[in-house]
Amino acid sequence: MIPLRLSIQGIYSYQNKEEIDFQKLTQAQLFGIFGTTGSGKSTILEAISFALYGESERLNKKDNRGYNMMNLKSDRIFIDFEFASEEKTYRFVVNGKRNSRQFDQVGTLTRSAFARNNDEWLPIEAETAEEIIGLSYDNFKRTIIIPQGKFQDFLQLSDTDRTRMLREIFKLEKYELYNKAVSLEKKNQTEITRLETVINRMHEVTPEVLLQLENDIILLDQQLLEKEDTSRQKEKDIARLESLKILFDKITLQRKIVQDLHEKSVGFYEREQTLKEYESCLIDFKPLLDRKKEISENLESSTQNIRSKREAESQSKQDLKMAEDTFREISQEYNQRDTFLRKAAELELVIRLKSREINIAAFDERMNKGIAVCDQLRSSIRSMKDELAAKNVLLREIRDLRPDLNLLLKISEWFQKQQILSDDLKKQEAQFTDEQTLYTQIIQTKTDILKTTTLNPNQYSLEIPQLTDILRQDYIRLRKQIQENELARDKIIARHQLKDFAEKLVPGQPCPLCGSVHHPNIVDSGNVDYELKTAKQGIAVLEKEIQNLDKVIIRLENVEEQLIRQRKTQNTLTAQINQSHVLIDKHKAAFVWADYAQSTPAIIQQKIQEISTFDARTDLLNQEREAFETSITKEEQNLEKYLRTLDQIREQRHSEEVNFQAEYRSFQFISYDSLKLTENPRLEQLALEQKERFSKIEDLYQTSEQRIQRLRSNLSMLKGEISELEKQEKELTEKIVKINRQVNEKLSASAYTSLKIVEEILGLSLNIDTEKSVISLFKQQLHTANVTLAELESQVIGKKYDPEAFYHLQQELVLLRQEISEKTLQTGGLKKERDRLRNTLIEKAQLQQTLSEKMLRAEDIRTMKNMFSASGFVKYVSTIFLYNLCQAANDRFMKLTRGALSLEATDNNAFQVRDYLNNGQVRSVKTLSGGQTFQAALSLALSLADHVQQQAKSKQNFFFLDEGFGSQDKQSLRVIFETLKSLRKENRIVGVISHVEELQQEIGAYLQITNNPETGSKITTSWE
C-alpha cells in the first residue's frame, strides 16, 4: 500500500479540514510527522486505519466510538483516503454527523470504497481493505502502519499467535495438507474396496471355462457350414422353378392386355375421324367466326356508350343552370364578408377588457397587502436588532470572566512534568533496589561455585582474579602430576609389550630381536595388566579434576563480568537518581504562578473543565447571535424584495390601465358597456359565430365558382365523345356485312349444309396435338403387346410348371433356414460369451494390477498423513519463514547493537537473543533493555515488511512507524537514522512519527503539526 492523499476533518484534535499530499512526501522516500504531545500525530495513522478497516486503536464499538472520535467543536467527521496497491488506485471515505438536537448522539460512521477507472471513481464492494492489501487489521498494524504501543507486538506475541500471523501473511494454509491426505486416503480406500468387490464378482471367470467354450463354438461352426451348403442347393432349385412360374404368369397377363387393346380400337377409330373434321372447320371457318364475334361485341358496346353519354349531357346542362343561379345569390353576401371578422374581433376585445378590469382590481388588492407586510417587517427588524445588542453585551461579559486557557495548560503541563519526574525517580530507585538484590544473588552464586572447589572458606572473600590465580596454580600442579603419571604409564606399557614378546618365544626357534635359538632367562614382568589399569584410572581422575577446574574458572570469570556490569549499572542508576533530584528541584523552582501556588492538579483540571462550560455558553451565545444576524439579514432582504415587488405591481397596474383606455376607444360595431355584463363563454360563442359565418361565405363562393367551371368543362367533353362514338358505330356495321358474305361463300364450298353444324364441331374445343398423341400411343401399345405375347409364347415351347413340387421345395427350404438361424444364434451367443470372458479375464488382470498399486499408494498416503498431522508441516514451514526473517533482521540488528546481539528463532517459533558479549550465550528477548527491544522490533518489522513486499510482488514498500525513538541514546539514534536513510536504496518509503528534534533536523521532508485549543490542529508541510 502506497498512500497518495488524505483529507480529515472533525476527528480528535482536527476541527477544520486538513489535507496531506503524500505523493510529495513519498518522493523523498523518508519523511516525518512531528509535533508536540497531543497535537494529533497518531491521529493521522488512526484515520488511515479506520478508513481501511473500520477499526480504531484507541476505541472499540462499545466505547461510543462515533462520539468520542469526533471533535467536540465539530458537527461532522470526515476521512477521505486515497492509496495505490498493485498499480491500481483506491479510495476509502468515512462520513458521520452529530445529531443537531442531541449533542452526544453521533450517527453511524458510514464507510464507502471506490476504485479509479480512467478518470472516474467507481464504487466497489469492499467491507475492508483486507482483500486489496492482503493483510488483516492486526497484521496491517504489525507490518505497514505500526501505531503507538504496538511496535513490539510481533516480537512479544505468543508462539501460537506468531505462527498464526505468519500463516496468514505468507498464506501458509497451502501447506495445510493433512485434510488433503485424509481425503486422498478415503478416496484410495474407496477405490480399493471397489476393486476388491469387482474382482470377487469375477471369481467364476477362469481360462478353463474359456477353453471349453471355444471347443463348443468350433463344433457348431462345422454343423452350420453343412446346413448352409444344403440350403444353397435348394435355393437354386427354387429359383429355377420361380423363374418358370413368373414366365407362365407373364404370358397369361399379356394375353389379357392384348384382348383389352383390341376392344378399345373401335373407339379410337371414331375419335380419329372426329379430329379430322375439327381440323378442317378450324382452318376454314374459325378465323371468320371469331372476327365476326369480336366486331359484334364492339358494335353493341359502342351503341350503349352513345346512349349513356347523351343522358349524361342532358343532366349536365340542368346542373349548370342551377349552379349559375346559386352563384349569383352568394356573390351579394360575399362582398360584405369583412364586417363579420370585425364584429368577432370586437367581441374578443370585450373579453380582454373585462380581464384587464379584473387585473387592475387584483393589483390594487396586492398593493394594499404588500404595504401591510412591509410595515410588519420593519417592526420585526427593529425588535431583533434590540435583542442582538443585548446578546453582544452578555457575550462580552462572559469573555471577560473566562480564565486564560493557555496559562492553565502551562500550569497543567508543569504538574504533568512534575509527576513524570517523580515517577521516573521512583522507577530509578526501585530499579536500584532490584540491582542491589541481583548483586547479592551474584555474590551468592560466586560462593556456591567456590564450595565445589577445595579452597578454604576463609579464601571466599578474596577477589575473583586472586581466586582464579590460586585455581590456575592447582591446575598447573595437576597437569604436572598427569605428566608424571603418563611417564609411569608408558613404562608399564613397555613392560606389557615385553611380556607379550616373551610369551610368544618358542624353544628351538630364533629370537626376532637377537636371533638366538636359546632362551635361558625369560623376563618375568609380574602383574603388568593390573598396574596398567591402575595408572590409567589415576590419569582419568586427574583429568576430571582439571576439567572441573576449567569449568569453575570460566564460571568465576562470567561472575566477574556480571559483577563489573552490575557495579556499572548501580553507578549509572546512582547518577540518574542524583540527576532526577536535581531536575525535580529545578522544576519546582520553575513554578512562577503565585496566584496558583496552593492549587493542585485536580483544581487546575477543574478550572480547565470550567473553561469548557464558558466556551459552551460562548458558543451558544455566538450561535444565537449568528442566528439573530442571519434572521435580520434575511428579513431586511425580504423587506427589500417586497418593496421591489410593490414598485413592480404599481408599474403593472399603470400599464394595464393605459391599455384598457386605448382599447375601449377602438369599438365601431358594438358597445362595450352593453356587453360587459355578458359572460365570457357567450361572448366567445358570438365571436365564433361571426368567424364561422365569414369562413362559410368564403367557402360557398369558391365552391360554387369551381363547380360552374367543372360543369362547363364536362359538358364540352361529353359532346366530343358522342361524336366520336357515332363514327365508330358506322364503321363496325360495315365490317359485319362484309364478314357475313365471306362465311356464306365458305359454307357453299364445304360439305356442311348449315353454319350451325360447323359451330357444333368447333364447339368441341379439341386439343389437336394431344388427340394425335393419344391415338398414336394407342396404336403403338397394340403393336407392342402383340409382339411381346409372341416372344413369351416362343419361350415356353416344350416346358411345364408343377406348382405342387414347387410348394414342397419351399417348405423344405423354410425348415432348413430355421435350423440355420437357430445354429447361428447359438453360435453368436457362444461367441459373445467367449468375447465377454476374454474381456473379463483381461479386466480382472488389470484390476488386480491396479489393486496392487492402490495398496502401495495406501501405505504412501498413510506415511504422508502422519507427517502432516496436527499442522506439523505448516509449523515446520512457518519455522523456516521465521528463521529467514531472523537472518534478514540480523543484518540491521547487529549493526544497531554494534555486533553485540543477534536474534534467533527456536523450534517452537519463539525468539531468543544470542549475547556475544557473554561468550555467545542465548537468553530470552524479555531480558533486553527498552532501547534494545526497540532495535530488535525495528529490525524484525523491516524484515517482515520486506517479505510482505516480496509476497505481494510490489515494486515499492511503505512502512509507517509511530514509536520508540525517544528511548535511544544519541549514538543509537544516529545508527537507527542511518538505517532508515539506507532504505531509500531498497526503493522503500518510510514515514516516522516522533517529537525527537534530532530526527526533525535530519529529515528534509516532513509534516509539522501544531495545536490550538481554539481552532484545532493544523498541518504544514516543510521541504529543505
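The preceding data block contains the structure.
Residues numbered from 1 in each chain as written. Predicted model: local features only at pLDDT ≥ 70, side-chain atom pairs only at ≥ 80, totals over all residues. Heavy atoms only, no water.

Novice: How do you make sense of the pairing of strand 1 (residues 2–9) when you look at a structure like this?
Specialist: It is a general feature of regular strands that their side chains alternate between the two faces of the sheet. Taking burial as the measure, the 8 residues of strand 1 include 6 buried ones, the bulk of the element. Sheet topology places strand 1 next to strand 4 (residues 76–85); 7 bridges connect them, and they run antiparallel. Counterpart to L6 in the pairing with strand 4 is F81. The sheet contact formed by strand 1 and strand 2 (residues 18–21) spans 4 bridges and is antiparallel. Its bridge partner lying in strand 2, L6 is registered against I20. (Buried < 20%, exposed > 50% of the residue type's maximum accessible area, 1.4 Å probe, protein only. Helix = DSSP H or I, 4+ residues; strand = E, 2+ residues; numbered from the N terminus. Pairing = 2+ DSSP bridges.)

Novice: Please explain the pairing of strand 10 (residues 911–915) as it appears in this structure.
Specialist: Only one face of strand 10 is buried: it carries F911, V913 and D915, and the other face, with Q912 and R914, is open. Bridge count for strand 9 (residues 901–905) against strand 10 is 5 bridges, and the pairing is antiparallel. In the sheet register, L903 faces strand 10, and the bridge partner there is V913. Connecting strand 9 to the antiparallel partner strand 10 that follows it, the hairpin turn spans 5 residues, and N909 within it adopts a positive phi of roughly 60 degrees. Both strand 10 and strand 11 (residues 921–924) contribute to a ladder of 4 bridges, which runs antiparallel. Paired with V913 across the bridge in strand 11 is R923. What sits between the antiparallel neighbours strand 10 and strand 11 is a turn of 5 residues, in which N919 has the positive phi angle 55 degrees.

Novice: Please clarify how unusual backbone geometry should be interpreted in this entry.
Specialist: A positive phi angle, near 50 degrees, is found at Y12, a position not held by glycine. Relative to the elements of secondary structure, Y12 occurs in the loop between strand 1 and strand 2. In this structure Y12 comes out as buried when scored by relative accessible area, which is 16%. In this model, N118 sits at a positive phi of 60 degrees, which is unusual for a non-glycine residue. Inspection of the secondary structure puts N118 in the loop between strand 6 (110–117) and strand 7 (120–123). A relative accessible area of 68% places N118 in the exposed class.

Novice: Can you help me understand the sheet that holds strand 1 in this one?
Specialist: Pairing between the strands of a sheet comes from backbone hydrogen bonds, and it takes one of two forms, parallel or antiparallel. If you trace the 6 strands from one edge of the open sheet to the other, you get 2-1-4-5-6-7, paired in antiparallel fashion. Whereas interior strands pair on both sides, the edge strands pair on one side only; in this sheet they are strand 2 and strand 7. Across the sheet, the mean angle separating the axes of adjacent strands is 20 degrees when strand polarity is ignored. With 10 bridges joining them, strand 4 and strand 5 (residues 88–97) adopt antiparallel strand pairing. Its bridge partner lying in strand 5, I79 is registered against V94. Seen against the sheet, helix 2 (residues 41–53) touches strand 1, strand 2, strand 4, strand 5 and strand 6 and runs at an angle of roughly 80 degrees to strand 4. (Axes fitted to C-alpha atoms, helices over the stretch in contact; angles between N-to-C directions. Contact = heavy atoms within 4.5 Å.)

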